[in-house]
Amino acid sequence: MIPRYSRPEMVSIWEPQTRFKIWFEIEAHAADALAELGVIPKDAAKTIWAKAKDAVFNVERIDEIERETKHDVIAFLTHLAEIVGPEARFVHQGMTSSDVLDTCLNVQLARAADILIADVDKVLAALKTRAFEHKMTPTIGRSHGIHAEPVTFGLKLAYAYAEFTRAKERLIAARKEIATCAISGAVGTFAQIDPRVEEHVAKAMGLAVEPISTQVIPRDRHAMFFATLGVVASSVERLATEIRHMQRTEVLEAEEFFSEGQKGSSAMPHKRNPVLTENLTGLARIVRSAVTPALENVVLWHERDISHSSVERMIGPDATVTLDFALNRLAGVVEKLLVYPANMQKNLDRLGGLVHSQRLLIALTQKGASREDAYKLVQRNAMPVWRGEGDFQSLLKKDADVKKYLSDKEIEEQFDLAYHFKHVDTIFKRVFGAS
């Protein structure tokens, strides 16, 4: 995490004070359950809450203890004992470190998912507004980066809306899968702690019980969580890359908002660069970089090892904080995006009508030409236009072989731009619903 690409709400989830607060809550809820089962005195459970519920944990003190013990949970428990007093001996009864660490991590990831889901909602709202604004704004659709057939700019944004709708659904599923609790003791057998303690802690922390843990919560859950973040990041990059292309000088169909006083280049005062969407491309790479380590964390030795631990200490904060920042930046880019319909129309007309070639092909076949002959007739008139040697419609009207099948009026009818947009309403209803 670096401040430049961080937002406070997400950062706070990963701060040491937050982590120690969650650790305490796990331990205190476990103590409550143990007290109800008669394993520890009820007064002890009450004292643990009373002494430490509102405590501000001394991070420096915990770090100091850890330098000696070389164990983070023991360091925390030692500091907790300094706060709670003698009743602290009843804390962590029958539990192992992973019970605390894994349950805490899943609380943090679930909270992070809640923020990311809200972030996607911001992106969706921005996309919907701009999509309806440009629902029928003609622009050129491209395949292989080459002009293909007309679309609308609203459809481009609708594509993204549908994709981020899926992103939201995936995040919701990932949150559900990651939100589990394990309080099962060493090697996960509950030998030293009753499963009812786990059930109590899970309910108190807003988690589901992990059906079977092996001292650690299975890391396939975490792999899926970070894989989902990687897919969402790729959706961010896909839209960012489209905007970057549209801002190219030779295209200039849309561009990022350029604020008063903003500078585009230290050397060239005229520059207006797509810095935000380029940044989003880079941030997406960082989020995706967490996916492979998360997948590799699935494979642990026997009932547990800690080869995953150092990885998760980094990718947990980095991936969630970065994606949170990226989604909010993307929402802002879409909200303020400068759109140039006149340039879209100019680019649409740039190939002299060649974008209607498929309509001519179909029209010729419907009038009796074989598909092979129709293709040759259209292509031989299209290639001179591609080289800048004439107008497509005029050349077709002069081609005697074409005129055997199509009159001038029938040729002209194939150049109706509105023909391409007759199903835009249908697509919008599929994407946005009847409203």
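Starting afresh in each chain, residues are numbered from 1 along the sequence in its written order. Predicted model: local features are reported for residues with pLDDT of at least 70 only, side-chain atom pairs are reported and counted for 80 or more only, and whole-chain, interface and lining totals are derived from all residues. Only hydrogens and water are set aside; all other atoms, that is, all heavy atoms of the structure, feed into the side-chain values.

Put simply, DSSP H or I for four residues or longer makes a helix, DSSP E for two residues or longer makes a strand, and each gets a number counted from the N terminus. If you tally the helices and strands in the protein, you get 19 helices and 6 strands. When we talk radius of gyration, it's over C-alpha atoms, and the globule rule is simply 2.2 Å times the number of residues to the 0.38. In terms of C-alpha radius of gyration, the protein reaches 30 Å, well past the compact-globule figure of 22 Å for 435 residues. When its C-alpha atoms are laid out on the principal axes, the protein stretches across 100 × 50 × 40 Å. Each residue's exposure class comes from its accessible area (1.4 Å probe, protein chains only) as a fraction of the maximum for that residue type: buried when under 20%, exposed when over 50%, partly exposed otherwise. With 435 residues in all, the protein has 49% of them scored as buried. Contacts between residues were defined by any pair of non-hydrogen atoms, one from each residue, lying within 4.5 Å. Counted over contacts in the protein with a minimum sequence separation of 6, partners at least 24 positions apart contribute 75%. A 1.4 Å probe and the Shrake-Rupley method give the accessible areas. Residues count as covered only by the protein chains that appear here. For the protein, the exposed surface amounts to about 21,400 Å²; the carbon and sulfur share of it is 54%. The charged-residue count follows a simple rule in which Lys and Arg add positive charge and Asp and Glu add negative charge, with His and chain termini not counted at all. Lys charges are placed at NZ, Arg charges at CZ, Asp charges at CG and Glu charges at CD. Each charge sign in the protein was given a centre, from 56 positive and 59 negative side chains, and these centres are 6 Å apart.

In this section: the packing of helix α6 (residues 97-133) against helix α9 (residues 220-246). Orientation of α6 relative to α9, taken along the N-to-C sense of each, is 20°, at an axis distance of 12 Å. When the interaxial angle is binned, α6 and α9 end up roughly parallel. Considering the relative orientation of α6 and α9, their crossing is left-handed. The residues of α9 that touch α6, namely those facing Leu105, Asn106, Leu109, Ala113, Leu116 and Leu127, are His222, Phe225, Phe226, Leu229 and Leu239. Helix axes use the C-alpha atoms of the stretch in contact, all axes being lines fitted to C-alpha atoms, and the angles between their N-to-C directions lie in the range 0 to 180 degrees. In this scheme, roughly parallel covers angles under 35 degrees and roughly antiparallel covers those over 145, while 65 to 115 is roughly perpendicular and the rest are oblique. For a crossing to be left-handed, the near helix must be turned anticlockwise from the far one by less than a right angle; the clockwise case is right-handed.

On to the packing of aromatic side chains. How two aromatic rings sit relative to each other is set out by the distance from centre to centre and by the angle between their planes. Pairing of aromatic side chains requires ring centres within 6.5 Å, counting the rings of Phe and Tyr and the six-membered ring of Trp. Pairs whose planes differ by under 30 degrees are stacked, by over 60 edge-to-face, and all others tilted. Throughout the structure, instances matching the rule amount to 13 aromatic pairs. Seen from their ring centres, Tyr5 and Phe325 are 5.5 Å apart, and the 70° between their planes marks the pair as edge-to-face. Here Tyr5 is found in the segment before α1 (8-13), whereas its partner Phe325 is found in helix α12 (residues 309-336), with 320 residues between them in sequence. According to the relative accessible area criterion, Tyr5 is partly exposed, its value standing at 23%. Every member of this aromatic cluster is reached through a ring pair, and the members are Phe20, Trp23, Phe24, Trp49, Phe57 and Phe76. Comment: the charge-over-ring label is applied if NZ (Lys) or CZ (Arg) is within 6 Å of the ring centre and within 35 degrees of the ring normal. Arg19 extends its terminal NZ or CZ atom over the ring of Trp23, reaching a point 5.7 Å from the ring centre.

What follows deals with unusual backbone geometry. For His144, which is not a glycine, the phi torsion comes out positive at approximately 60°. Tracing the backbone through its elements, the reader meets His144 in the loop between β1 (138-143) and β2 (146-152). The backbone of His302 shows a phi angle near 50°, a positive value even though the residue is not glycine.

On to the pairing of β2. Pairing geometry for β1 and β2, over 5 bridges, is antiparallel. Of the residues in β2, the one forming a bridge with Ile140 is Pro150. With antiparallel pairing between neighbouring strands as the criterion, β1 and β2 make up a hairpin whose turn holds 2 residues, including His144 at a positive phi of roughly 60°. Two strands qualify as a pair provided that DSSP identifies no fewer than 2 bridges between them.

Counted as salt bridges are all cases of a side-chain nitrogen of Lys or Arg within 4 Å of a carboxyl oxygen of Asp or Glu. If you walk through the whole model with that rule in mind, you get 26 salt bridges. Taking the shortest distance from any N to any O, the salt bridge between Glu36 and Lys42 comes out at 4.0 Å. The exposure class of Glu36 is exposed, given its relative accessible area of 60%. The class for Lys42 is partly exposed, based on a relative accessible area of 48%. Here Arg196 and Asp194 are joined by a salt bridge, their closest N and O atoms 2.9 Å apart. With relative accessibility at 48%, the residue Arg196 sits in the partly exposed group. You can call Asp194 partly exposed: its relative accessible area is 24%.

As a further point, take the domain arrangement of the protein. Domain start and stop points were drawn from an automatic or database domain assignment. Per the domain assignment, the segments of the protein are domain 1 (1-93), domain 2 (96-259 + 266-345) and domain 3 (354-414). One C-alpha centre belongs to domain 1, the other to domain 3; they are set 77 Å apart.

What follows is about a nonpolar patch on the surface. A cluster of nonpolar side chains, contributed by Ile146, Met383 and Trp386, occupies part of the molecular surface with about 290 Å² of accessible area. With respect to the element layout, Met383 can be found in helix α15 (residues 371-386). Accessibility expressed as a relative area gives 35% for Met383, which makes it partly exposed. Grouping into patches uses exposed residues only, defined as over 30% relative accessible area, and leaves out salt-bridged ones; the cut-off is 9 Å for like charges and 5 Å for nonpolar side chains (Val, Leu, Ile, Met, Phe, Trp, Tyr).

This part takes up the UniProt feature "domain: Adenylosuccinate lyase C-terminal" (unreviewed entry) in the protein. Here, the residues flagged by UniProt with the feature "domain: Adenylosuccinate lyase C-terminal" (unreviewed entry) are residues 352-432. For residues 352-432, the helix share is 64%, the strand share is 0%, and the end-to-end C-alpha distance is 34 Å. UniProt positions are given in the numbering used here, feature names are shortened, and annotations may be inferred rather than shown by experiment.

On to the side chain of Glu237, then. By secondary structure assignment, the location of Glu237 is in helix α9. Take Glu237: its relative accessible area is 16%, and that puts it in the buried class. With sequence-adjacent residues up to four places away left out, Glu237 is seen in contact with Thr281, Ala284 and Arg288.

The topology assignment puts Leu395 in helix α16 (residues 392-398). Take Leu395: its relative accessible area is 22%, and that puts it in the partly exposed class. Every residue in contact with Leu395, bar those within four places of it in the chain, is listed here: Asn381, Pro384, Val385 and Glu389.

So, about helix α19 (residues 424-432). Residues lying three or four places apart along an α-helix face the same way, a consequence of the helix completing one turn every 3.6 residues. Among all positions of α19, only Val424, Phe428 and Phe432 are buried. The arc that holds the buried residues of α19, viewed along the axis, is 45°, so those residues lie on one side. The outward face of α19, more than 90 degrees from its buried face, is lined by the exposed residues Lys429 and Arg430. Check the buried side of α19 and you find it contacts α6, β2 and α7 (153-178). Looking one or two places after α19, you find Gly433, whose phi comes out positive at around 90°. What the arc measures is the spread of directions leading from the helix axis to the C-beta atoms.

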